[in-house]
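The lines below spell out each chain.
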Amino acid sequence: MYVPFENLPEESRIWIYQSNRKFSDAEFSEIETDLQAFLNEWAAHGTSLESSYLLKYNRFIIIAVNQDVQAATGCSIDSSVEFIQSLEKKYNVDLLDKMNVTFKLGDHIAHKSLIDFKKMAKDKAVTENTIVFNNLVNNIEEFNESWEVPAMDSWHSRFF
């Protein structure tokens, strides 16, 4: 059951999927329609999941579930991954590869392989103050506080 993102408690679990390319506005509009349809039907053991999403920077898909109402389980999580895989096929993008880093270069959102990001850090093309997207956050509270942070304040700090 879809609910507005702002209505979910801060403890709600989240999953962040980053695209290896920027989506067009038209693609993001289609994705939004598909997400609402998916979330309206999403269930765990026959019980609807109170869930929502955010679309950010034409690059990130964030899915959230209020675990206080009904926890997402193995099968429901599998169905969400299958949904994300369907988006990967439909738009010819990579949303599940965790070996990439997305970060800000001025007003631009950059996406690099972990190896390339390490090289950029070594070459000082990015610094500890570079804003990175920490997609390892687990809930809305962590998302609000620690998703867009200087590299020194996230797991990316190991490269400096």
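Small disclaimer: the values here were computed from a predicted structure and weren't measured.

**Let's talk about the pairing of strand E1 (residues 13-18)**
For E1, the tally of buried residues reaches 5 of 6 residues, placing the bulk of the element in the interior. Here E1 runs beside strand E5 (residues 60-65); their pairing, made up of 6 bridges, is antiparallel. Along E5, the bridge assignment pairs Gln18 with Phe60.

**A short note on the nonpolar core**
Ranked by size, the top nonpolar core spans 23 residues in total, and within it Ile61 and Ile63 carry the most contacts. Filtering out sequence-adjacent residues up to four positions away, Ile63 remains in contact with Arg13, Ile14, Trp15, Tyr17, Leu35, Leu39, Trp42, Ser52, Tyr53 and Ile84. Ranked by size, the runner-up nonpolar core spans 14 residues in total, among them Leu8, Ile14, Ile16 and Phe133.

**Brief notes about the packing of aromatic side chains**
In total, this model carries 18 aromatic pairs according to the counting rule given. Centre to centre, the rings of Phe5 and Phe143 are 6.4 Å apart; their planes meet at 65°, and the pair counts as edge-to-face. Residue Phe5 is located in the segment before E1, and its partner Phe143 is located in helix H4 (residues 140-146); the two are separated by 138 residues in the primary sequence. Aromatic pair Phe23 and Phe28: ring centres 5.4 Å apart, planes at 25°, arrangement stacked. A single burial state applies to Phe23 and to Phe28, both of which are buried. Ring-pair connections join several aromatic residues into one group, and the members of that group are Phe5, Tyr57, Phe60, Phe133, Phe143 and Trp147.

What counts as what
Residues numbered from 1 in each chain as written. Predicted model: local features only at pLDDT ≥ 70, side-chain atom pairs only at ≥ 80, totals over all residues. Heavy atoms only, no water. Buried < 20%, exposed > 50% of the residue type's maximum accessible area, 1.4 Å probe, protein only. Helix = DSSP H or I, 4+ residues; strand = E, 2+ residues; numbered from the N terminus. Pairing = 2+ DSSP bridges. Core = buried A, V, L, I, M, F, W, Y, C linked by side-chain atoms within 4.5 Å. Contact = heavy atoms within 4.5 Å. Phe/Tyr/Trp six-rings, centres within 6.5 Å; stacked < 30°, edge-to-face > 60°.

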